[in-house]
Amino acid sequence: MTATKTPTERPPAQRVVRRAGDRLFAGSAKGSGIFILVVLAGVAAFLIGEAIPALTAPAEDVPGGEGLSGYIAPLVLGTLLGAVLALLVATPLAVGIALFVTYYAPRRIAAGLGYAIDLLAAIPSVVYGFWGLAVLAPALVPFHVWAADHLGWLPLFAGPASTSGRTMLTVGLVLAVMILPIISAIAREVFSQAPALHREAALALGATRWEMIKMAVLPYGKSGVIAGAMLGLGRALGETMAVAIVLSGGAGATLNLISSSNPSTIASNIALRFPEATGLGINTLIASGLVLFVITLAVNMLARWIVNRRADFSGAN
Amino acid sequence: MSTSTQSPTRVAEEPGGAIRRNRRLPRYAPLGLYVAGIALGAVLSALTGFSIALTAVYGAVLGTLAVYTGARAVEGRRKATDRLVTALVTTAFAIAMVPLVSLVYTVLDKGLARFDAQFFTNSMFRVVGEGGGAYHAVLGTVVITAVTAVISVPIGLLTAIYLVEYGTGRLKKAITFFVDVMTGIPSIVAGLFAFALFTLLFGNDVRLGLMGSAALAVLMIPVVVRSCEEVLKLVPNELREASYALGVPKWRTIVKVVLPTAVAGLGTGITLAVARVIGETAPLLITVGLVTGTNLNPFDGRMATLPVFAYYQLTQPGTDTQAFLDRAWTAALVLIILVMVLNVVARLISRFFAPKTGR
């Protein structure tokens, strides 16, 4: 009797095994996760809340006097111009670097070389600004003059060439250096994951190293490179200090890359104007920050979606 | 002409099973061609006023062309393309090294001028020209970064634990996705968020060290979550199962088994996350501002931080411009050193605290 009674007493005892400590720990872990979602929602909510006065204000009260869209549109153009330029320069370079580190460099030093590239990502953006202003901008002035003379028929190089080099072109190159490690890190990872069987099969058929890469590595790594480029784009769009220091901006919308009058970018405009802004000026800047937030959010979500889609189908794991 | 004489021998060899092409460029030919290209490049650049940069560019282009043409004539189209791509890929890497070397050299060159004891012991209080230092800014950065870490590490670590140990279904997917998205938030937007939040709480014109920490935490939390999650995933399941089999509750298993096993990776990840935010300028610029004196209380008024200090020294120099520029570059140098030290520390942590393997 007692033997059959003990098992019937067990189930309630087992239920008690879910202790207070367990519940507390699980709850706080889950709570932190939810807190992160709340923070992200909070970022959006607070930005919208502080931007509303600028959205509803009469056009002539907004700084610049042409309404909110008239204020933000040139900034969006400048932001996109610098970021796209950076992307065009950085992506091919980053793919080359990734290939070099994964398949060309001697095995023994490859890891060290990869680390050297990663160092580029560790340098604070304000230091990039210093470098762009003191080294890159003066160094590029001859190129500005050359481009104005020889490529002046393109609207991008219409000139007159800036004598200080503090142009959208220089900014694009600084941003390119900054996003290079981001793109090449992701490209390196996907390239090194290319199936060894495919690579060795290509080599066994007599392919040269480049043919092997073209046939086995690049098709496999394509979406990874695209995703890396999108992440780099997101970083370039939001980059603040380097642009704020290097660019002499604020001259309205123009596609001209090499003249001394450039459109500013959203982020650098905020950094430059915020410390002195008051009243509606702050709301306007926050509204422009909201636009930047939405743009980068869209770019990053797209990038993550591509990465995740690839992870689902690649069979790499 | 050489190819026409070559093909019969190749055909003759193939039945014998010789796969390897016997016509190859001599081993040191590419090197020689590059040296010749650089020499020619030096001459060419000397025509328009000698410069090392032009010599390197000419040398790389001419050398690559020479190797390609040579390989094309001797080895055939496919090998030549292979050599061309090798040259291009190597050049890409070399190009990426140029800014790194140039940047480090410039910062060292200009920053060492004021890299002295005074820089680390004096603040900018009542300094208008020469002298002064970044004592207040270095300490401010340390305080704000420490507060940021105190906010971010528990939240980030607990979230990572949730994702790896507890998370299921939609909530886990949502958190993973939005943490990824959060890593892409521009730093200036994080600053605006902190500003908007504290403006709502404390009214206009509030500037606190804590605001800066809140902004930096928004940037740091996703980095901590991602790196801790990766590390926790690496802890073998056998360890957890062995612990459960001994009747240890789940939370004690996590605290006593999972976390100690992963401690090296966690330390590395958190240190790298600190390195990521310690150089952030934009959010601090709009939330913390700058002062000339020493304020180490993050709950009271503006504080000085190293990146913002460097920025204002560079962009708003006073009458004695050179003194301000020197301080700016030295601050940049200190910033780089801080980040590098954190990176090295992170590597050391992963080396010395790694779980013992092979028993």
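Since the model is a prediction, treat every value here as computed from it, not as a measurement.

On to the overall build of chain A, then. Counting its regular elements, chain A contains 11 helices and 0 strands. Reading chain A from its N terminus to its C terminus gives the helix and strand order α-α-α-α-α-α-α-α-α-α-α. Counting only C-alpha atoms, chain A reaches 100 × 65 × 30 Å along its principal axes. Here chain A holds 317 residues, and 48% of them are scored as buried.

Check the secondary structure of chain B and you find 14 helices and 0 strands. In chain B, the succession of helices and strands from N to C terminus is α-α-α-α-α-α-α-α-α-α-α-α-α-α. Seen along its three principal axes, the alpha-carbon backbone of chain B occupies a region of about 85 × 75 × 40 Å. The buried share of chain B, reckoned over its 359 residues, is 44%. For chain B, the proportion of contacts with a sequence separation of at least 24, taken over those separated by at least 6, is 71%.

Attention shifts here to the interface of chain B and chain A. Counting residues at the interface gives 71 residues for chain B, matched by 68 residues for chain A. In terms of residue count, the dominant contributor to the side of chain B that touches chain A is helix H4 (residues 77–111) of chain B (20 residues). Taken together, the residues that form the side of chain B that touches chain A break down as 53 nonpolar, 13 polar and 5 charged.

Another aspect to go through is the UniProt feature "domain: ABC transmembrane type-1" (unreviewed entry) in chain B. When the UniProt feature table is mapped to this numbering, "domain: ABC transmembrane type-1" (unreviewed entry) covers residues 138–346 of chain B. Helix makes up 79% of residues 138–346 of chain B and strand 0%. Its end C-alpha atoms lie 21 Å apart.

Moving on to the UniProt feature "transmembrane region" (unreviewed entry) in chain B. Residues and elements named next belong to chain B. Taken from the UniProt record, the annotation "transmembrane region" (unreviewed entry) applies to residues 28–46, 52–71, 83–108, 134–163, 175–202, 208–225, 257–278 and 328–349. Regarding residues 52–71, the helix share stands at 100% and the strand share at 0%, and the terminal C-alpha atoms are separated by 28 Å. Counted over residues 208–225, helix gives 94% and strand 0%. Its end C-alpha atoms are 26 Å apart.

Mean pLDDT over chain A: 86, with 92% of residues reaching 70 or higher. Across residues 1–14 of chain A the pLDDT falls below 50, and counting only partners more than four positions away or on other chains, this stretch makes 0 contacts in the model.

So, on to the packing of helix H3 (residues 67–104) of chain A against helix H8 (residues 209–238) of chain A. Residue and element names in this part refer to chain A. Where H3 meets H8, the closest approach of the two axes is 9 Å, and the angle between their N-to-C directions is 145 degrees. You can see that H3 and H8 cross each other, and the crossing is right-handed. Across the interface between the two elements, Thr79, Gly82, Ala83, Ala86, Leu87, Ala90, Thr91, Val95, Leu99 and Tyr103 from H3 touch Arg209, Ile213, Val225, Ala229, Gly232, Leu233, Ala236 and Leu237 from H8. Counted by class, the contact of H3 with H8 contains 13 nonpolar, 4 polar and 1 charged residues.

Our focus in this paragraph is the nonpolar core. The biggest cluster of nonpolar side chains holds 199 residues, and the ones touching the most others in it are Ala271(A), Phe193(B) and Ala332(B). It is helix H6 (residues 168–192) of chain A that contributes the most residues to this core, 18 residues altogether. Looking at which domains feed residues into this core, each of domain 1 (2–113) and domain 2 (119–352) of chain B gives three or more. Leave out the neighbours within four places in its chain, and Ala332(B) touches Val127(A), Phe130(A), Val107(B), Gly111(B) and Ala310(B).

In this section: the UniProt feature "domain: ABC transmembrane type-1" (unreviewed entry) in chain A. If you check UniProt for "domain: ABC transmembrane type-1" (unreviewed entry), the listed places come out as residues 76–303 of chain A in our numbering. In this annotation, residues 76–303 of chain A is assigned 76% helix and 0% strand; the end-to-end C-alpha distance for the span is 20 Å.

Interfaces are often sized by the accessible area lost when the parts come together. Residue and element names in this part refer to chain B. The domain boundaries assigned to chain B delineate domain 1 (2–113) and domain 2 (119–352). Every contact between the two is made by 5 residues of domain 1 and, on the other side, 6 residues of domain 2. A per-class count over the side of domain 1 that touches domain 2 returns 3 nonpolar, 1 polar and 1 charged.

All names here are of chain A. Here, UniProt's "transmembrane region" (unreviewed entry) annotation points to residues 33–52, 72–105, 126–147, 167–187, 240–260 and 280–303. For the annotated span residues 126–147, helix accounts for 100% and strand for 0% of the residues, and the straight-line distance between the end C-alpha atoms is 28 Å. For residues 280–303, helix accounts for 100% and strand for 0%, while the C-alpha atoms at its two ends are 35 Å apart.

All names here are of chain B. Of note, Arg126 is a non-glycine position whose phi angle comes to about 60 degrees, a positive value. When you line up the elements, Arg126 lands in the loop between helix H5 (117–121) and helix H6 (135–166). For Arg126, a count of 8 C-beta atoms within 10 Å puts it in the exposed group.

Right, let's get into the environment of Phe309(B). All names here are of chain B. Relative to the helices and strands, Phe309 is located in helix H13 (residues 306–315). The sequence separation of Phe309 and Ala328 amounts to 19 residues, and the corresponding C-alpha distance is 7.4 Å. In contact with Phe309, not counting residues within four places along its chain, are Ala134, Ala137, Leu290, Ala304 and Ala331.

For Ala185(A), the location among the structural elements is in helix H6. Among the residues examined, Ala185(A) registers 20 C-beta atoms within 10 Å and is labelled buried.

Residues and elements named next belong to chain B. For chain B, per-residue confidence averages 87 on the pLDDT scale, and residues scoring 70 or more make up 92% of the total. For residues 1–20, every residue scores under 50 in pLDDT, and the model assigns this stretch 4 contacts once sequence neighbours within four places are set aside. Under the prediction, the complex receives an ipTM of 0.86, its pTM being 0.88.

With that settled, the discussion passes to H6(A). Residue and element names in this part refer to chain A. If you check H6, its first and last C-alpha atoms are 35 Å apart, about what 25 residues at 1.5 Å a residue would give, namely 36 Å. The largest bend in H6 comes to about 40 degrees, at Ile179, with the proline Pro181 one to four residues further on. Extensive coverage of H6 is indicated by the burial of 23 of its 25 residues.

Analysis parameters
- Residues numbered from 1 in each chain as written.
- Chains lettered and ligands numbered in written order.
- Predicted model: local features only at pLDDT ≥ 70, side-chain atom pairs only at ≥ 80, totals over all residues.
- Helix = DSSP H or I, 4+ residues; strand = E, 2+ residues; numbered from the N terminus.
- Buried ≥ 20, exposed ≤ 12 C-beta atoms within 10 Å, placed from the backbone.
- Contact = placed C-beta atoms within 7 Å.
- Nonpolar A, V, L, I, M, F, W, Y, C, P; charged D, E, K, R; others polar.
- UniProt positions renumbered as here; feature names shortened; annotations may be inferred.
- pLDDT = per-residue confidence, 0-100.
- Axes fitted to C-alpha atoms, helices over the stretch in contact; angles between N-to-C directions.
- Left-handed = near helix turned anticlockwise from the far one by under 90°.
- Core = buried A, V, L, I, M, F, W, Y, C linked by C-beta atoms within 7 Å.
- Domains from an automatic or database assignment.
- Expected span 1.5 Å × (residues − 1).
- Bend = angle between axes of the 7 residues up to and from the residue.

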